[in-house]
Amino acid sequence: MTTANQMAVERYRNNFLKEVEANVEEGHMVKMCMQCGVCAGSCPLGPHWTHSPQKIFMMIRAGKRDEVLGSDSMFMCTSCYNCMVRCPRQLPITHIMHGLANYAHRLGLAPKGQPTRDFATLFWNNAIKKGRVNELMLTLRHYFRNGLVSGIKEALGMQSVGLGLFMAKRLNPMEIFGGHGVKDLKGFHAIIAKAKEIEDRKKGFTA
Amino acid sequence: MNAPATPVTPKYAAYICSGCGIGDAMKIGQLENIAKKEGKMAIVKSHPFLCNAEGVQTIKDDIANEQVTHVCVAACSRRAKTEAFQFDGVAMSRANLREGVLWVVAAGKEHDEVRQEMAADYVRMGCAEVKKMKQPAGNLKEASSKRVLVVGGGMSGMTAALEIAETGYEVVLVEKTGALGGMAANLWKRQPFKSPYAAAQEVGVGETAARIAANPLIKVHLNSTIAETSGAPGRFAVKVAQESGAISEESVGAIVQATGFTTYDIAKLPELGGGQPNVVDQAGLEGLAKQANGGAIKRADGKDVKSVVFVQCAGQRDTTGQHLSYCSGHCCGTSIKQAMYFKDQNPDIDTVVMYQDLRVPGMGEDFYRSAQERGVIFTKGKASKVSGGDSCNVTFKDLILDEENTIAADLVVLATGQVPNAGVDLEAWNPVVTAAEGGDEAAKAQRIVMHGSSVLKLNYRQGPDMPQFKHGFADSHFICFPYETRRTGIYAAGPVRRPMDMLQATDDATGAALKAIQAVENAAVGRAAHPRSGDLSFPTARLEGCTQCKRCTVECPFGAIDEDEKRFPKFNEERCRRCGTCMGACPVRVISFENYSVDTVGSQVKAVEIPEEDEEKPRILVLACENDAYPALDMAGLARMSYSAWVRVIPVRCLGSVNTIWITDALNSGYDGVMMMGCKKGDEYQCHFVKGSELAHYRMSKIGDTLKQMGLEPERVVTQEVAITDNARVVKLINDYVAELDKLGPSPMKGFG
Ligand code: SF4
Ligand code: SF4
Ligand code: SF4
Ligand code: SF4
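Position numbers for residues start from 1 in each chain and track the written sequence from start to end. Note on labels: chains are lettered from A, ligands numbered from 1, in written order. Confidence filtering applies because this is a predicted model: local features only for residues at pLDDT of at least 70, side-chain atom pairs given and counted only at 80 or more, and all residues used for totals across whole chains, interfaces and linings. Side-chain metrics in this entry use all non-hydrogen atoms of the structure; hydrogen atoms and water are not considered.

To qualify as a helix, a DSSP run of H or I must reach at least 4 residues; to qualify as a strand, a run of E must reach at least 2; elements of each kind are numbered from the N terminus. Regarding its fold elements, chain B presents 21 helices and 29 strands. Counting over 753 residues, chain B shows a buried share of 57%. Pairs at least 24 residues apart make up 70% of the contacts formed inside chain B by residues separated by at least 6 positions. Only four residue types enter the tally: Lys and Arg on the positive side, Asp and Glu on the negative side, with His and both chain ends excluded. Here the site of a charge means NZ on Lys, CZ on Arg, CG on Asp, or CD on Glu. Averaging the coordinates of the 84 positive side-chain charges in chain B and doing the same for the 92 negative ones gives two points 3 Å apart. Partly exposed residues are those whose accessible area sits between 20% and 50% of the maximum for their type, while under 20% is buried and over 50% is exposed, using a 1.4 Å probe and protein chains only. Only heavy atoms matter for contacts: two residues are in contact if any of them lie within 4.5 Å across the pair.

Once that is clear, we can look at the overall build of chain A. Each helix and strand counted, chain A has 13 helices and 0 strands in total. Helices and strands in chain A line up, N terminus first, as α-α-α-α-α-α-α-α-α-α-α-α-α. In chain A, which comprises 207 residues, the share counted as buried stands at 37%. Both charge centroids of chain A, one from 28 positive and one from 16 negative side chains, sit 2 Å from each other.

We now examine the domain arrangement of chain A. For every domain, the bounds stem from an assignment made automatically or drawn from a database. For chain A, the assigned domains are domain 1 (2-111) and domain 2 (115-198). Using C-alpha coordinates to define each centre, domain 1 of chain A is positioned 30 Å away from domain 2 of chain A.

What makes a residue near a molecule or strand is one non-hydrogen atom of that residue sitting within 4 Å of it. Near ligand 2 the following residues occur: A:C43, A:P44, A:W49, A:C77, A:T78, A:S79, A:C80, A:Y81, A:N82, A:C83 and A:T94. Split into classes, the residues belonging to the shell around ligand 2 amount to 7 nonpolar, 4 polar and no charged. For this scheme, ten residues count as nonpolar: Ala, Val, Leu, Ile, Met, Phe, Trp, Tyr, Cys and Pro. Four count as charged, namely Asp, Glu, Lys and Arg, and the remainder, Gly too, count as polar.

Residue and element names in this part refer to chain B. Topologically, D726 is positioned in the loop between β29 (717-721) and α21 (727-744). According to the relative accessible area criterion, D726 is buried, its value standing at 17%. Taking C-alpha positions, D726 is 28 Å from M26, a pair spaced 700 residues apart along the chain. Within polar-contact distance, the side chain of D726 engages the backbone nitrogen of A723 at 2.9 Å. Within 3.5 Å is the distance limit for a polar contact, defined as a pair of N or O atoms, with the added protein rule that one can donate a hydrogen and the other accept it, and that residues adjacent in sequence qualify only through two side-chain atoms.

Moving on: the pairing of strand β7 (residues 218-221) of chain B. Residue and element names in this part refer to chain B. DSSP bridges decide pairing: two strands pair if at least two such bridges lie between them. Note that strand β6 (residues 171-174) and β7 share 4 bridges and pair parallel. Within β7, the residue paired with V172 across the bridge is K219. The crossover handedness rule: strands pointing away from the viewer, path from first strand over the helix to second strand clockwise, crossover right-handed. Regarding the hand of the β-α-β motif, the stretch spanning β6, helix α7 (residues 205-214) and β7 is right-handed.

Residue-level confidence of the predictor is summarised by pLDDT, bounded by 0 at the bottom and 100 at the top. In this model, chain B carries a mean pLDDT of 94, and residues with pLDDT of at least 70 account for 98%. At the level of chain-chain contacts, confidence expressed as ipTM amounts to 0.82, with global pTM at 0.86.

A separate point is the domain arrangement of chain B. Residue and element names in this part refer to chain B. Domain boundaries in chain B define domain 1 (1-135), domain 2 (148-260 + 466-525), domain 3 (264-418), domain 4 (540-590) and domain 5 (597-753). Its C-alpha centre places domain 4 at a distance of 25 Å from the equivalent point of domain 5. Domain 4 puts 13 residues into the contact, and the matching count from domain 5 is 16 residues. Values labelled buried area give the accessible surface lost by two parts on being combined, using a 1.4 Å probe and summing over both. The junction of domain 4 with domain 5 conceals about 1,100 Å² of combined surface from both sides, 64% of it contributed by carbon and sulfur atoms. Each reported salt bridge corresponds to a side-chain nitrogen of Lys or Arg within 4 Å of a carboxyl oxygen of Asp or Glu. Taken together, the links from domain 4 to domain 5 amount to 1 salt bridge. Note that R699 and E555 form a salt bridge whose closest N and O atoms lie 2.8 Å from each other.

The next point concerns the site of ligand 1. All names here are of chain A. Neighbouring residues of ligand 1: 14 residues in total, closest C33, C36, G37, C39 and C87. For the shell around ligand 1, the elements supplying multiple residues, two or more each, are α3 (38-42) and α4 (53-61). For the shell around ligand 1, the residue count by class is 10 nonpolar, 3 polar and 1 charged.

Residue and element names in this part refer to chain B. Angles shown run from 0 to 180 degrees and are taken between the N-to-C directions of axes, each axis being a line fitted to C-alpha atoms and, for helices, limited to the stretch in contact. Between helix α16 (residues 598-607) and helix α18 (residues 660-668), whose axes approach to 10 Å, the crossing angle comes to 15°. One finds that α16 runs roughly parallel with respect to α18. Crossing geometry of α16 relative to α18 is assigned as right-handed. Two secondary-structure elements touch here, α16 through V598, V601, G602, V605 and K606 and α18 through I661, W662, D665 and A666. Looking at side-chain class alone, the contact of α16 with α18 contains 6 nonpolar, 1 polar and 2 charged residues. Throughout, the term roughly parallel applies to angles under 35 degrees, roughly antiparallel to angles over 145, roughly perpendicular to angles from 65 to 115, and oblique to all others. Helix crossings are classified by the rotation of the near helix relative to the far one: an anticlockwise turn of less than a right angle makes the crossing left-handed, while a clockwise turn makes it right-handed.

Let us now look at the sheet that holds strand β2 (residues 43-47) of chain B. All names here are of chain B. Ordered by their spatial adjacency, 4 strands build an open sheet running β2-β1-β3-β4, and the pairing between neighbours is parallel. Two strands close off the open sheet at either side, each with one partner strand: β2 and β4 (91-96). The sheet shows a mean angle of 15° between the axes of neighbouring strands, direction not considered. Examined bridge by bridge, strand β1 (residues 12-17) and strand β3 (residues 70-75) share 5 bridges and lie parallel to one another. Within β3, the position partnered with A14 by the bridge is C72. Each of β1, β3 and β4 is contacted by helix α5 (residues 112-132), which is oriented at about 165° to β4, the strand it contacts most.

Time to look at the sheet that holds β6(B). Residue and element names in this part refer to chain B. On the basis of which strands lie adjacent, the open sheet formed by 5 strands has the order β7-β6-β5-β11-β21 and parallel pairing. Pairing within the sheet leaves two strands with one partner each, and these edge strands are β7 and β21 (490-492). Pairwise comparison of adjacent strand axes, ignoring direction, gives a mean angle of 20° for this sheet. When strand β11 (residues 254-257) meets β21, the two strands line up parallel, connected through 3 bridges. Counted as the bridge partner of I255 is I490 from β21.

As structure tokens, this is what we get:
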């Protein structure tokens, strides 16, 4: 981890931008931002996060590596694509935001305890286990993420929803025992491992 | 040539059109009677469709067979059907029955009476006017020169010279240095001017200079300046002084001044590192790039540049009053270009352009994007301090992240602005001349120094250069024709008249070249230049009556009037724009044009029938500028907006031509009010004659005393600024004024007239 991290910027200008261009999905488009602020004004999440896409892009160009990779902003993006359809310079903003989130996550610099990040991790681990999502376990893990007491409280709060889903055959209580996986679970795990290996290699995460 | 000999016995004829619905709404027979009995027209005819071939032929036949010399056409506005109603060699007036009556007086029987009265008055006015008119013969001068002098051999001047010569006219090109090219010659590359606008392009100075050398119509004077310019369009006499002191004389018909700009002195920007090592301006960077000749750009100390910061708006767009307050327009693009010099040579060089607003006119946006693609970093920030030295530090406020920051760089480039080379500021000149003429020795010495810095060295009484515009740029009529100046036949082109980039400058030069050609052609046949292009009339003064008050000389916006040896006004017709401001200024009313005079308008004022007080029919005189206000009134008619039928509108060439006598005459004969409508005045003027509207406002501000003596309220005379698009507003202005006068009650002068 730190190997990649130690590639850090020591100078103010170009290097972090180059790092982003090399490692972040659509990162090469960051330099094309003209700082008009349309994205910042378009984002429905705007008031709820620290940095708008406009600021993130400016910070990248200003070499503010720690601030960018430690920002919660990318994790707050809901993929509404509002910014992207409006950007006069046609930056794939949403994709860049996700690319940055992923990069920060891999480097271990992403903010700890950031709820959307945690949920995404939960979701991923759950999904790759059996090749399909175990909704019951996903929900329970999510409710009990902060311990038993608050878990029970949250679960009780959602009781009627759960009951409705059960009645409509959308929730199977038997999944508590692990649920069923995809047909070739081994093969599936091999695919995921290979994909990770390729991506790690591409992004320079293999030693 | 169309210099008709006006037949000795005048014969007047009036033609009344009943088409376009005029005949349905008005009693044509009565109008005919008025033209005959009151207008004293020898021939009066009406026609159901006067502007068609047959109607026009009727008039032509009468001119040919009945020796008609003066024609009054009572039909549509003088601005309509101008091609149909064009009769060479006769004087013509137009009574506006369509736009001025039919379309603006409310429809319906109950308005029949006032409509007919209005129409009758316009017929009276048209007849009265035409009787006072003469057909102008033009101001023919023998041996008018069609050569054009271009002052300044930079990109603008070279372009103007080539454009003029390639049209077939001779050019005299005067350049003060030893080579053509000006500022452009010092550039490594220029901003792109051709698709795809992605990379800097060759400047092409050498090629352009070679084209000039190869053109037999262009005569170049290098190392030369202007020692004196005298004369007028078509007959300028120019003394060209060489460095050696040798003088040659050139006679030319028009002048293009393309004297360009100087860069703002970087030493005035110590806080941004001006004067420190490794801080240069954009011109300095061009020098370094030229030296590098495509290789690595080195600093003055020989070190390779690995990082460079461009500080935009250095000493520009300044709000403190210390530096230039304007934007020079080219420097954002120039920095983009220069950043690319570095990136193209070595992509690893850090290049930061620090801007507050990136302004890239024309196709500059593509160029900007291209620089971003090459990795030039654009930082929105305002630099507050630059320390020069081996590693320069730029302290700035990041305007997006809202924080103070510092960047280090090997080289800092300041984007400084353009300062025009417009010669002597006449506003500073005039007081010096007055003091010098009063015998002040210091002023005499200063006058010599100032005169030495003049570009054109005009011997006009108004001063040696053209008037200056805001921030010392050469005069420009930015509303009508940007190259047009208040010195007729002298056109300003390029950055001398406003900051601009090279592409704009060459476009500008092309425009000015065409204006200069137009000027020599007009001068050769004694016609006016813009905006009354083609007008053959010109002002003359009956000097027997002149009191030498100098008002005409001073107020002429175009410096057309000098003084002769006996201190009488001396009109230089070729410099004159035919605005009539001199005529409006003259207190003894001795200035007139053949077809526009104190009498042509005065007789119209008097021709209107003023109803008795008890008839409760006020009469309001509207003097409307024919360039903007009159068209706006016509447009109101076209849109069928109605205004009060109490008004009688007379178009004037410019509000500046309004002589106070028209107003006092109107009030004396019982009009209830006078409204003047002219163009916007002041710094943001829209007046076609620049100062006319302003002068009129000024003169009217002094009319209060006269009104008081007559026992009239000041509200009886008002002046309004009107734009050509104000069609709805003119209607409101009129109707509001009518209501205001209604409150005031009828003029006490009624019945005395
Ligand atoms: S809308 Fe596009 S160009 Fe504008 S600030 Fe956002 S990313 Fe940059
Ligand atoms: S796509 Fe993401 S960053 Fe863009 S507007 Fe939507 S939530 Fe905001
Ligand atoms: S062109 Fe750019 S650098 Fe030059 S004054 Fe205008 S905004 Fe500033
Ligand atoms: S005031 Fe107007 S009309 Fe009179 S001389 Fe000057 S330009 Fe000509």
